[in-house]
Amino acid sequence: MPAHIPVLKREVLNWLAPKPGGIYVDSTLGLGGHAEAILEASAPHGVLIGIDRDTEALAIARERLRRFGGRVLFVHGCFGEIRNHLRGLGIEGVDGVIADLGVSSLQLEDAERGFSFRLDGPLDMRMDRGSGLSALEWIQRLNEEALSEVLFRYGEEPKARAIARAIKRAHAQGALRGTRDLAELVWKVKGRRGRRDPATQVFQALRILTNDELGELERWLLAVPGLLKLGGVVVAIAFHSLEDRLIKRAFRSDPRLEPLTRKPLVPGEGELRENPRARSARLRAARRSEAKGGEGVVHRVEEKK
Ligand SMILES: C[S@@+](CC[C@H](N)C(=O)[O-])C[C@H]1O[C@@H](n2cnc3c(N)ncnc32)[C@H](O)[C@@H]1O
């Protein structure tokens, strides 16, 4: 099983500052790395709610966190629904919330999940294999123009048009059987220069589409400030600029939040050597404060949703 090393763990603990009686939410439980650190730091009574849409990740995290007993509650679902998940558990306010976005090493290193252009597998890319359309079904459903728009918008892929055309053609000819076919098709259109694999942006775009990643993040960013107790902290780790932009904007513009990081924190050289997955991580944190302009503002903001 891949060992998932939690990204920017020290910084996460530093900002969340877990305390013994606190209640924390790990919105992206994954293999339970951050959750374990939060549970240790909030011993003996801290409680953690761990959310993930991937049942396989939940099963692994459950095993890893077994020793914490009733201090952990597991939720299978999307973090965009965080408010409903907490309501369902009877929890109204929490001391800290974290999201470590993107895919886990479990997802990336399993060819069958279809996230990796280095391995050959089906074009699935769903984090929750029990719901929604796979990447291949999206490719079938979108016309060339819509597909090109997705590659451009979610992958910031400059060759979006040519790649979309090649994908639709290969699909019509029955030549798009899996991730390897897709990666090779992109290499043909773009060439294979540079340090980054040329297929990176296309895979990113299809993954974002398949999992509605930006929609999920927007819903989470809207809900979290209203769930934090005064003084509670939210920490978000982004892996590409589309996510980071949404987080930065929400932390700056929500009157209930006070940004704690002017610039995003990034991993140091030591962490990068140990954990290459941390390469593009950017962490931002914000604290729930009195809304500027008084409590009335809080109510207006909450009523709008
Ligand atoms: C990078 S991993 C988290 C790793 C975790 N912090 C750890 O230390 O093990 C991201 C996890 O978030 C989950 N995830 C991503 N988007 C989600 C969403 N919208 N709702 C729920 N879970 C999500 C993925 O399934 C994946 O398991």
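Residues numbered from 1 in each chain as written. Predicted model: local features only at pLDDT ≥ 70, side-chain atom pairs only at ≥ 80, totals over all residues. Heavy atoms only, no water.

1. Observations concerning empty space enclosed by the protein
In step 1: Here the structure, examined in full by the defined rule, presents one cavity of 30 Å³ or more.
In step 2: Taken as a whole, the largest cavity encloses approximately 380 Å³ of empty space.
In step 3: Lining of the largest cavity is provided by 31 residues; of these, Thr28, Asp52, Asp100, Leu101 and Gly102 occupy positions nearest its centre.
In step 4: Looking at the lining of the largest cavity, the elements with two or more residues in it are α2 (33-41), β2 (47-52) and α11 (213-227).
In step 5: No other element matches the three residues that α11 contributes to the lining of the largest cavity.
In step 6: Here the residues of the lining of the largest cavity sort into 11 nonpolar, 11 polar and nine charged. (1 Å grid on protein atoms, 1.4 Å probe; cavity = no way out; pocket = protein on both sides within 12 Å on 5 of 7 lines; lining within 4 Å. Points joined across faces, edges and corners; volume = space filled by probe spheres on them. Helix = DSSP H or I, 4+ residues; strand = E, 2+ residues; numbered from the N terminus. Nonpolar A, V, L, I, M, F, W, Y, C, P; charged D, E, K, R; others polar.)

2. Focus: the pattern of salt bridges
In step 1: In the structure shown here, the tally under the stated rule is 22 salt bridges.
In step 2: Notably, a salt bridge pairs Lys19 with Asp95, separated by 3.1 Å at the nearest N-O pair. With Lys19 in the loop between α1 (9-16) and β1 (23-26) and Asp95 in strand β4 (residues 94-100), this residue pair connects regions lying 76 residues apart in the sequence.
In step 3: In this structure Lys19 comes out as partly exposed when scored by relative accessible area, which is 43%.
In step 4: With a shortest N-O distance of 2.9 Å, Arg219 and Asp212 are connected by a salt bridge.
In step 5: Assessed through its relative accessible area of 34%, Arg219 is described here as partly exposed.
In step 6: Overall, Asp212 belongs to the partly exposed group, its relative accessible area being 36%.
In step 7: Put simply, Glu36, Glu40, Arg64 and Arg67 are held in one network by salt bridges that share partners. (Salt bridge = Lys/Arg side-chain N within 4 Å of Asp/Glu carboxyl O. Buried < 20%, exposed > 50% of the residue type's maximum accessible area, 1.4 Å probe, protein only.)

3. Looking at helix α7 (residues 144-155)
In step 1: Between the first and last C-alpha of α7 there are 16 Å, a value that for 12 residues agrees with the 16 Å anticipated at 1.5 Å per step.
In step 2: Those residues of α7 that sit buried are Leu147, Ser148, Val150, Leu151, Tyr154 and Gly155. Looking straight down α7, one finds that the buried residues subtend no more than 160° of arc, so they occupy a single side. Exposed residues pointing more than 90 degrees away from the buried face of α7 are listed as Glu145 and Phe152.
In step 3: Buried residues along α7 sit against α8 (160-172), α10 (200-210), α11 and α12 (241-253). (Expected span 1.5 Å × (residues − 1). Arc of directions from axis to C-beta. Contact = heavy atoms within 4.5 Å.)

4. Structural notes on the site of the ligand
In step 1: Residues in close proximity to the ligand total 25 residues, the closest being His34, Asp52, Phe79, Asp100 and Gln107.
In step 2: One of the backbone N or O atoms of Phe79 is found 2.8 Å from a nitrogen atom in the ligand.
In step 3: A distance of 2.8 Å separates an oxygen atom of the ligand from a polar side-chain atom of Gln107.
In step 4: The pocket occupied by the ligand, as judged from atoms lying within 2 Å of grid points, is the largest cavity.
In step 5: Taken together, the residues of the shell around the ligand break down into eight nonpolar, 11 polar and six charged. (Near = heavy atom within 4 Å. Polar contact = N/O pair within 3.5 Å; in protein donor to acceptor, adjacent residues only side chain to side chain. Sits in = over half its atoms within 2 Å of the grid points.)

5. Regarding the domain arrangement of the protein
In step 1: Splitting the protein by domain gives domain 1 (9-106 + 213-304) and domain 2 (129-210).
In step 2: Computed over C-alpha atoms, the centres of domain 1 and domain 2 are 30 Å apart.
In step 3: If you look at the interface, domain 1 gives nine residues, while domain 2 gives seven residues.
In step 4: Approximately 730 Å² of surface area, both sides summed, lies buried where domain 1 meets domain 2, with 44% of it carried by carbon and sulfur atoms.
In step 5: Area buried by domain 1 at its contact with domain 2 is led by Glu213, His240 and Leu242, which between them contribute 55% of it.
In step 6: Where domain 1 meets domain 2, there are three salt bridges.
In step 7: For the pair domain 1 and domain 2, the interface holds five residue pairs in polar contact (both at pLDDT 80 or more).
In step 8: Of all the secondary structure elements, the ones that give two or more residues to the side of domain 1 that touches domain 2 are α11 and α12.
In step 9: Examining the composition of the side of domain 1 that touches domain 2, we find that three residues originate from one element, α12, more than from any other.
In step 10: Broken down by class, the residue content of the side of domain 1 that touches domain 2 amounts to three nonpolar, three polar and three charged. (Domains from an automatic or database assignment. Buried area = accessible area lost by both parts, 1.4 Å probe.)

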